[in-house]
Amino acid sequence: MLILQKNIIKWGVNGEIEIVLQDTSFKLVSDCDDSIVDWLYYDANAYSEIKEMMLFGKIAERSKFILDIGANTGVYSVFAAVKNRSCRIWAFEPYQSNFERY
């Protein structure tokens, strides 16, 4: 899969990918099929939900429990788990093709 962004062609990322957001490093998996992983890998600051992810990370640092309803491919849940390793996280994804990915 190719991503067209500002006249630059970028390949969809494949495999286990390390993402770094500010002071936090975590790994995500993609089979060239997760555009969120692509955005975070190539230019996290250009990702449309980067501000929301940063806020979510700050909230996760102080949380004991998180319910991620509509988790998609789990990016927010993985980020929260790294921000607070003692937090219990439940991720729910009703869309069958996303749910079956992992």
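Just above sits the structure.
A tally of regular secondary structure across the protein gives four helices and six strands. Helices and strands appear in the protein in the N-to-C order β-β-β-β-α-α-β-α-β-α. Against the globule reference of 13 Å for 102 residues, the protein gives a C-alpha radius of gyration of 14 Å, in line with a compact fold. Overall, the C-alpha framework of the protein stretches about 45 × 30 × 20 Å when taken along its three principal axes. Counting every position in the protein, which comprises 102 residues, the buried fraction comes to 39%. Just so you have it, the protein exposes about 6,900 Å², and 54% of that area is on carbon and sulfur atoms. Taken together, the 11 basic and 14 acidic charged side chains of the protein have centroids lying 9 Å from each other.

Our focus in this paragraph is helix H1 (residues 35-43). Since there are 3.6 residues in each turn of an α-helix, residues three or four apart along the chain are aligned in direction. Residues Ile36, Val37, Asp38 and Leu40 constitute the buried set of H1. Between the side-chain oxygen of the N-cap and the backbone nitrogen of Ile36 there are 3.0 Å, and the N-cap of H1 in question is Asp34.

This structure, assessed with the given rule, holds four aromatic pairs. The interplanar angle of 75° and the centroid separation of 5.1 Å between the aromatic rings of Tyr41 and Tyr42 together place this pair among those described as edge-to-face. Residue classification places Tyr41 among the partly exposed positions, given a relative accessible area of 44%. Centre to centre, the rings of Phe56 and Tyr76 are 5.2 Å apart; their planes meet at 80°, and the pair counts as edge-to-face. Here Tyr76 lies in helix H3 (residues 75-83) and Phe56 lies in helix H2 (residues 50-61), a separation of 20 residues in the sequence.

Definitions and limits used
Residues numbered from 1 in each chain as written. Predicted model: local features only at pLDDT ≥ 70, side-chain atom pairs only at ≥ 80, totals over all residues. Heavy atoms only, no water. Helix = DSSP H or I, 4+ residues; strand = E, 2+ residues; numbered from the N terminus. Rg over C-alpha atoms; globule rule 2.2 N^0.38 Å. Buried < 20%, exposed > 50% of the residue type's maximum accessible area, 1.4 Å probe, protein only. Areas by Shrake-Rupley, 256 points an atom, 1.4 Å probe, with all protein chains shown as cover. Lys, Arg positive; Asp, Glu negative; His and termini not counted. Charge placed at Lys NZ, Arg CZ, Asp CG, Glu CD. Polar contact = N/O pair within 3.5 Å; in protein donor to acceptor, adjacent residues only side chain to side chain. Phe/Tyr/Trp six-rings, centres within 6.5 Å; stacked < 30°, edge-to-face > 60°.

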